[in-house]
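Structure assessment
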Amino acid sequence: MKFSLVVLSSILTQLAIAAPVYVTDYVTHIVTVTVQPGQTQVLGSAASVATSAASAASAASVAASVAAPAASTASGNAETTAYSATSVATSAASSATSSASSSDSSFASEILAEHNAKRALHGVSDLTWDDTLASYAQDYADNYDCSGTLTHSGGSYGENLALGYSTTGSVDAWYSEGDDFDYTSCNVYDHFTQVIWKSSTKLGCGQKKCNDYWGTYIICSYDPAGNMVGDCPSNVLPLV
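Scope of this entry: the structure provided in the associated data block. (Residues numbered from 1 in each chain as written. Predicted model: local features only at pLDDT ≥ 70, side-chain atom pairs only at ≥ 80, totals over all residues. Heavy atoms only, no water.)

Re the nonpolar core
Judged by nonpolar contacts, the single largest core of 21 residues is most densely connected at Ile111, Trp174, Leu203, Cys220, Tyr222 and Val236. Residues Tyr144, Leu163, Tyr217 and Ile219 belong to the second largest nonpolar core, which totals nine residues. (Core = buried A, V, L, I, M, F, W, Y, C linked by side-chain atoms within 4.5 Å. Buried < 20%, exposed > 50% of the residue type's maximum accessible area, 1.4 Å probe, protein only.)

Points about the pattern of salt bridges
Enumeration over the complete set of coordinates arrives at three salt bridges. Between Asp172 and Lys118 there is a salt bridge, and its shortest N-O distance comes to 3.2 Å. Taken together, the residues span a long stretch of sequence, with Asp172 in helix α4 (residues 167-176) and Lys118 in helix α2 (residues 46-120) at a distance of 54 residues. Note on Asp172: relative accessible area 31%, which makes it partly exposed. Owing to a relative accessible area of 16%, Lys118 belongs among the buried residues under this scheme. Lys202 is the salt-bridge partner of Asp223, the closest N and O atoms lying 3.4 Å from each other. Of this pair, Asp223 sits in strand β6 (residues 215-223) while Lys202 sits in strand β5 (residues 202-211); the two residues are 21 residues apart in sequence, bridging distant segments of the chain. A single network of salt bridges, built from pairs that share partners, joins Glu114, Lys118 and Asp172. (Salt bridge = Lys/Arg side-chain N within 4 Å of Asp/Glu carboxyl O. Helix = DSSP H or I, 4+ residues; strand = E, 2+ residues; numbered from the N terminus.)

Re the environment of Asp190
Mapped onto the secondary structure, Asp190 falls in the loop between α4 and α5 (191-196). Given the relative accessible area of 17%, Asp190 is considered buried. C-alpha separation for the pair Asp190 and Glu159, spaced 31 residues apart in sequence, amounts to 10.0 Å. Contact partners of Asp190, with chain neighbours within four places excluded, come to Glu177 and Asn227. (Contact = heavy atoms within 4.5 Å.)

A look at the state of the cysteines
Tallied over the full model, the rule gives three disulfides. In this model Cys186 forms its disulfide with Cys232; the gap between the sulfur atoms is 1.7 Å. Its S-S torsion of approximately -75 degrees makes the covalent link between Cys186 and Cys232 left-handed. Note that Cys186 is positioned in the loop between α4 and α5 and Cys232 in helix α6 (residues 232-235), a separation of 46 residues in sequence. The exposure class assigned to Cys186 is buried, which follows from its relative accessible area of 3%. Across the chain, the disulfide pattern expressed with sequentially numbered bonded cysteines is 1-4, 2-6, 3-5. (Disulfide = S-S within 2.5 Å.)

Some remarks on the packing of aromatic side chains
Evaluation of the coordinates by the stated rule reveals seven aromatic pairs. Summarising the aromatic geometry, the rings of Phe181 and Tyr183 are spaced 5.0 Å apart at their centres and angled 70 degrees between planes, so their arrangement reads as edge-to-face. For Phe181, a relative accessible area of 12% puts it in the buried group. Taken together, the ring pairs in this structure connect Tyr175, Phe181, Tyr183 and Phe192 into an aromatic cluster. (Phe/Tyr/Trp six-rings, centres within 6.5 Å; stacked < 30°, edge-to-face > 60°.)

Thoughts on the environment of Leu112
Mapping Leu112 onto the fold places it in helix α2. Taking relative accessible area as the criterion, Leu112 reaches 17% and is therefore assigned buried. Setting aside anything within four residues of it in sequence, one finds Leu112 in contact with Leu127, Thr128, Trp129 and Leu203.

Let's talk about helix α3 (residues 131-142)
Counted at 1.5 Å a residue, the expected span for α3 with its 12 residues is 16 Å, and the 16 Å between its end C-alpha atoms agrees. Listing the buried residues of α3 in full gives Leu133, Ala134, Ala137 and Ala141. Seen along its axis, α3 keeps its buried residues to an arc of 100 degrees; they face one direction. Away from its buried face by more than 90 degrees, α3 exposes Asp131 and Thr132. Against β3 (128-129), β5 and β6 lie the buried residues of α3. Among the residues of α3, the N-terminal cap falls to Asp130, whose side-chain oxygen and the backbone nitrogen of Thr132 are separated by 3.1 Å. (Expected span 1.5 Å × (residues − 1). Arc of directions from axis to C-beta. Polar contact = N/O pair within 3.5 Å; in protein donor to acceptor, adjacent residues only side chain to side chain.)

Listed below in structure tokens is the structure:
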């Protein structure tokens, strides 16, 4: 079957009008077949139209297949980014919590050790750390107004307060009140006597950072409570 150039041109024009628009950067030799409805670009032959259409369809398919993994990768990146951000936030929170816990643990171990070092000088058994006492002390410390005024909680435990001392410094200050203690009369009850009070077996302390002027507020609770009037001779022992 033979076609004149006019007929072939007409057929190509109709094919061009019906063809979809393909614009791709993936296969650079594929051109736009239809720019706008009614405006056509006539290709050189029917074969080139078929080849261009097939190539364009193939290119579109390849582009789609490339786009899908790209979208998946982008989604994966977004999820990874979100996960990473969450991980960083969680890590920071965990780090902060860990730091606070470490600080609390250090405070507890230091102040307990300092108490027991002083008690050992008098041949008195060690105190043990008690979380109930520590919670009570910390709750009271948290409510301290950092005014510089020290007021006892009035609870059922023995209690020592300090302001402006380091962790071990507070215990040292309490203990120093006994430098001239008269063990014979044993009629004075103070911070020193509570620190070494023999019948007290448990300790729990709390602290609050006030400011540069007042420093740290410290409260220690003892159970059973010491400084019971009349029980000094059997509970406040001289240096060994």
